[in-house]
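# Breakdown of the fold
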Amino acid sequence: MLCGLGGFSLLLGLASREQRLQRWTRPLSGLVWAALLALGLGFLFTGGVVSAWDQVSFFLFVIFTVYAMLPLGMRDAAAAGLASSLSHLLVLGLYLGLQPDSQPALLPQLAANAVLFLCGNVAGAYHKALMERALRATFREALSSLHSRRRLDTEKKHQEHLLLSILPAYLAREMKAEIMARLQAGQGSRPESTNNFHSLYVKRHQGVSVLYADIVGFTRLASECSPKELVLMLNELFGKFDQIAKEHECMRIKILGDCYYCVSGLPLSLPDHAINCVRMGLDMCRAIRKLRAATGVDINMRVGVHSGSVLCGVIGLQKWQYDVWSHDVTLANHMEASGVPGRVHITGATLALLAGAYAVEDAAMEHGDPYLRELGEPTYLVIDPRAEEEDEKGTAGRLLSSLEGPKMRPSLLMTRYLESWGAAKPFAHLSHVESPVSTSTPLPEKALSSFSPQWSLDRSRTPRGLDDELDTGDAKFFQVIEQLNSQKQWKQSEDFNPLTLYFREKEMEKEYRLSALPAFKYYAACTFLVFFSNFIIQMLVTNRPPALTITYSITFLLFFLLLFVCFSEHLTKCVLKGPKMLHWLPTLSVLVATRPGLRVALGTATILLVFSMAITSLVFLPAASNCPFRAPNVSFTASNLSWELPGSLPLISVPYSVHCCVLGFLSCSLFLHMSFELKLLLLLLWLAACCSLFLHSHAWLSDCLIARLYLGALDSRPGVLKEPKLMGAIFFFIFFFTLLVLARQNEYYCRLDFLWKKKLRQEQEETETMENLTRLLLENVLPAHVAPQFIGQNRRNEDLYHQSYECVCVLFASVPDFKEFYSESSINHEGLECLRLLNEIIADFDELLSKPKFSGVEKIKTICSTYMAATGLNATSGQDAQQDAEQSCSHLGTMVEFAVALGSKLDVINKHSFNNFRLRVGLNHGPVVAGVIGAQKPQYDIWGNTVNVASRMESTGVLGKIQVTEETARALQSLGYTCYSRGIIKVKGKGQLCTYFLNTDLTRTGPPSATLG
């Protein structure tokens, strides 16, 4: 026994050093169990007469400890528990079976022991199974929460990239807050404000320089390109320009066809903004010269720069594009338009800021722009100091064109050369998403076995290298593992109070206590098993008096009623077929699971019922000390005396009452989710009641039993190990403290499980919100049918996105009067209030896009006060070729109705703003190429002759009219619209064209009209 005790202490000390002995926990646990078993077997034969009830509580403690405290798998724990039970039964059965028949019947006592051990095994296995299940569920939820957190981080990064690809950081934060508010308030709704205006995200910046650049000769070159070549060419060109802009601290604002413009001095002021823009313009011209020299393609660069102040920001509700407005921006635009190919054209304001950094020459004004002539200010051309050096080296650069030029089309030759620039693809930052931690079944099993051996998981199955499967750098994952360590309950935590384990947030504590508990019925069922075991034990060791039988019958009825109420939800069909008076039971079952007050009351009543029935047999024993075996005339030879007290139960019921009380302690641990303070109260109450009974009021029964065992030997007393009342009190305290530790650990893990579930729900909701925000942002940059190409599992970034369409209707709608309306003065905050009105106009136009009948209309961009949109872009490639002309161009009618709706919206705005703005609209239809270009600020756009002509239809149009080409007029006539000829007009770049006005006063007339005229 001493060897076992010493070995147990040594093993306990070794097991506490879990850091070094993680691989040896299973054999160490087996040795601890063996040491405890050896102690128990030693206690059986130490201190006096061996009896059948000796050390039953100790073996019950060993059995429960194997399941609840040692880190063994379920199979090992069950094997150890059954081995402990059988060792006690077999040893005592064989030893006492060979003794003279001086003790009461052995078989009923062994049967009672077997019932006790069976109940201990079942209760221990039940506790272990539920805790392992709860722990694994907590771990999986922790991993899911980690997964959600990583997805959330990824979504946040995506949003930052997406927002910063559209807007500067300062503006992105402000607009993101409003989008989040809109998502929380409801999709698409706009938060209420104190006025009737839409939010305006525009600010004024002074001390900036604006650069406009246009590729001369690109329109002719683009007409020879395939869709893929065109998109690749534009992406490479503008990607190169973006790199140059980044080098010179310029911010690209927008791409308009083959026009590129940027600003230096935004969003942060820069003292050398003018020099930055001039350097960038020179580098752009230099890049195009190298391209021309290498390929022989006749293209050039025309650059205009002006310095001043701008209003910058975003207007409208959809397809945001950061833009700048001011008279200075208009001047910079005209500087580019009137410039010289291959040169940088600057104003006097820019020249003054250069401070002699570059030599300049006067620009010839005889062919200048009317806008510039009206201003009457001199302009200048910057002299590139490196131009002469490049001319000397130019012959070497012509090698590619001389070798391959005759064999290739110019567009293909240029595309090949541009690929060497290696511009990044749009949304390349979305292609590599961090792989979240897997939450598959094998991972939690392996990972769960790697933390503290506080719970009985088979450590021998721990993988040799968990690091081989998990990212060792993932600190968050190991924080999850560490938090599941039961020792964490005693450490400082952001979530728990280390002393009470209460949540620090009162709302969370309240939510935890009010949470539903569907498993309550299983707690009640297992408690009934303890009660039933007590009943069998008392029936075996007593003479079954009628009063005891009646008491148990009443208690059985109460238990069956409780179980029926708890499980009636699963018996709904049977209950509903029964009497109507029982139809309320399923509802009551739900209330038990969801109402904490009712649940606590029933749980407490159930435990108290088990407590009371565990000591019921003592009620039928006399309370006064009247032991006949202490009489002086009783001789040790009177061995045939009865073990029963006169008129009461047998004395052997006393030690078994102690064992039943120990089972009563176990019944408290079966309610896993019962609060720690309530368990503490019940355990204290039961400890006080048991100690009071067996050490005070009924202590004489233990003495009487000892007197009967040692009959006639008055000077012989048993040791402490054989004293029923003392050993009973010791085991009461052992089980009290053991179950108290388990109750606290249960409380910690229950609260941890609730915390992870709550975090998981919150993170899933936040992730869903972030995903919706990412989707909204992406769809605000790209059309809905294009956005899936750049995000999620459908991501395809191997090639640039491009698509050709055979029949697309393009609309340009402008408010020309706004240019005259716009002014910059202190009264209108230097033009800010004018832009507020423009924002209202564009926002109202955007609101039309949300109407179902305009779902096929795709907004492309806004250019100052010009609104560009298209229909027919959601058709798949090649689809139009399979349809006849009427079907393929049926969306033209939608665009006409949209144009009319734009005019109606503008009329409403005029009424409220006391203005007289009129819309000028140009329509054209035909083939276009669509694509996404630009890595720094990806932009969806459409190109082609159709787009150019549509723009000319607007710029050469008449206020209040919709001007269309002859081909578009014929297509609209086939759809029932009426057009009348305007005549022949001169269109820049197209020569003389016959155009038509759409009769917007008439709706569709049914059959087509006979003529256009």
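Residues numbered from 1 in each chain as written. Predicted model: local features only at pLDDT ≥ 70, side-chain atom pairs only at ≥ 80, totals over all residues. Heavy atoms only, no water.

## Quick look at the overall build of the protein
This is how it is decided: By definition, any uninterrupted DSSP run of H or I lasting at least four residues is a helix, any uninterrupted run of E lasting at least two residues is a strand, and each is numbered from the N terminus. Only protein chains enter the area calculation, which uses a 1.4 Å probe; residues under 20% of their type maximum are buried, those over 50% are exposed, and those in between are partly exposed. What sets the accessible areas is the Shrake-Rupley method with a 1.4 Å probe; for residues, cover comes only from the shown protein chains.
The secondary structure content of the protein amounts to 34 helices and 16 strands. A burial count over the protein gives 54% of its 1013 residues as buried. Of the roughly 45000 Å² that the protein leaves accessible, carbon and sulfur atoms contribute 58%.

## Here we look at the packing of helix α23 (residues 596-614) against helix α25 (residues 653-669)
To be explicit about the condition: The angle between two axes is taken between their N-to-C directions and runs from 0 to 180 degrees, where each axis is a line fitted to C-alpha atoms and a helix contributes only its stretch in contact. The labels follow the angle: roughly parallel below 35 degrees, roughly antiparallel above 145, roughly perpendicular from 65 to 115, and oblique for the rest. Any pair of residues with heavy atoms lying within 4.5 Å of one another is described as a contacting pair. Residues are sorted three ways: Asp, Glu, Lys and Arg are charged, Ala, Val, Leu, Ile, Met, Phe, Trp, Tyr, Cys and Pro are nonpolar, and all the rest, Gly among them, are polar.
Taken N-terminus to C-terminus, the directions of α23 and α25 make an angle of 175°; their axes are 9 Å apart at the nearest point. Classified by the interaxial angle, the pair formed by α23 and α25 is roughly antiparallel. In this structure, α23 uses I607, V610, F611 and A614 to contact α25, whose residues at the interface are S657, C660, C661, G664, F665, S667 and C668. The residue makeup of the contact of α23 with α25, split by class, is eight nonpolar, three polar and no charged.

## A few points about the pattern of salt bridges
Put simply, the test is: What counts as a salt bridge is simple: a side-chain nitrogen of Lys or Arg found within 4 Å of a carboxyl oxygen of Asp or Glu.
Counted under the stated rule, the structure contains 28 salt bridges. In this structure, the salt-bridge partner of D283 is R386, at a minimum N-O distance of 3.2 Å. Residue D283 is found in helix α9 (residues 273-295), and its partner R386 is found in the loop between β8 (379-382) and α13 (387-397); the two are separated by 103 residues along the sequence. D283 sits in the buried class, given a relative accessible area of 16%. By relative accessible area, which is 40% here, R386 ends up partly exposed. The salt bridge partner of E747 is R751, with a shortest N-O separation of 2.8 Å. Taken together, the residues E747 and R751, both in helix α28 (residues 724-781) and four residues apart, mark about one turn of the helix. E747 gets classed as buried once you look at its relative accessible area, which sits at 2%. Under the relative-accessibility criterion, R751 is labelled buried at 0%. One salt-bridge network, in which partners are shared between bridges, spans D283, R286, R289, D384 and R386.

## As for the packing of aromatic side chains
One pair of aromatic rings is described through two measures. These are the centre distance and the angle between the planes. Rule in force here: In this analysis, rings of Phe, Tyr and Trp, with Trp reduced to its six-membered ring, are considered paired at centre separations within 6.5 Å, and the interplanar angle assigns stacked below 30 degrees, edge-to-face beyond 60, and tilted for intermediate values. Comment: the charge-over-ring label is applied if NZ (Lys) or CZ (Arg) is within 6 Å of the ring centre and within 35 degrees of the ring normal.
A complete count under the given rule lists 41 aromatic pairs for this structure. Note on Y212 and Y261: the rings are 4.5 Å apart at their centroids and 10° apart in plane angle, and the pair reads as stacked. Of this pair, Y212 sits in strand β1 (residues 201-216) while Y261 sits in strand β3 (residues 259-264); the two residues are 49 residues apart in sequence, bridging distant segments of the chain. Here Y212 matches Y261 in class, with each residue buried. Ring centres of Y512 and F754 lie 5.3 Å apart, and the angle between their planes is 70°; this geometry places the pair in the edge-to-face category. You can see Y512 sitting in helix α18 (residues 506-513) and its partner F754 sitting in helix α28, a full 242 residues away along the chain. The same class applies to Y512 and to F754, which are both buried. One aromatic cluster is present, built from ring pairs that chain together F528, F531, F532, F535, Y552, F556, F559 and F560. One residue, R513, lies across the ring of Y502, its end atom 4.9 Å from the ring centre.

## Description of the nonpolar core
We apply this condition: By nonpolar core we mean a set of buried residues, namely Ala, Val, Leu, Ile, Met, Phe, Trp, Tyr and Cys, connected to one another through side-chain atoms within 4.5 Å.
Among the nonpolar cores identified, the biggest contains 122 residues, and F665 and F732 are the most heavily contacted of them. Counting residues per element, this core draws most heavily on α28, at 16 residues. Once residues lying within four places of it in the same chain are set aside, the contact partners of F732 are V658, C661, V662, F665, L687, C690, C691 and F694.

## A look at the pairing of β1
This is how the line gets drawn: Strand pairing is assigned whenever DSSP identifies at least 2 bridges connecting the two strands.
Where β1 meets strand β4 (residues 300-314), 15 bridges bridge the pair, whose relative direction is antiparallel. Bridging from a neighbouring strand, V210 pairs with H306 of β4.

## Here's the deal with the confidence of the model for the protein
Atom-level detail of predicted coordinates should not be read off regions where pLDDT is low. Just so we agree on the cut-off: One confidence number per residue, pLDDT, is output by the predictor and ranges from 0 to 100.
Of all residues in the protein, 75% attain a pLDDT of 70 or more, and the chain-wide mean is 78. Segment residues 877-886 is flagged for pLDDT under 50; beyond a separation of four residues in sequence, or across chains, it makes eight contacts in the model.

## Things to note about helix α26 (residues 676-697)
Cut-off, in case you're wondering: Any helix carries an expected span of 1.5 Å times its number of residues minus one.
When the terminal C-alpha atoms of α26 are compared, their 30 Å separation across 22 residues agrees well with the 32 Å that a helix rising 1.5 Å per residue should span. Within the span of α26, buried status applies to F676, L678, K679, L682, L683, W686, L687, C690, C691, L693 and F694. Buried residues along α26 sit against α23, α24 (616-619), α25, α27 (699-709) and α28.

## Describing unusual backbone geometry
Cis geometry marks the peptide bond from L266 to P267, where omega comes out at -10°. Its location among the elements puts P267 in the loop between β3 and α9. One non-glycine residue, Q55, adopts positive backbone phi at about 55°. Counting through the fold element by element, Q55 comes out in the loop between α2 (25-44) and α3 (56-68). Residue Q55 is classed as buried on the basis of its relative accessible area of 5%. Notably, L501 is not glycine yet its phi reads approximately 65°, a positive angle. Note on placement: L501 falls in the loop between α17 (475-483) and α18.

## Focus: the environment of G989
Tracing the backbone through its elements, the reader meets G989 in the loop between β15 (979-987) and β16 (991-998). The class of G989 is exposed, set by a relative accessible area of 74%. Here the alpha-carbon distance between G989 and N948, two residues 41 residues apart in the chain, equals 9.2 Å.

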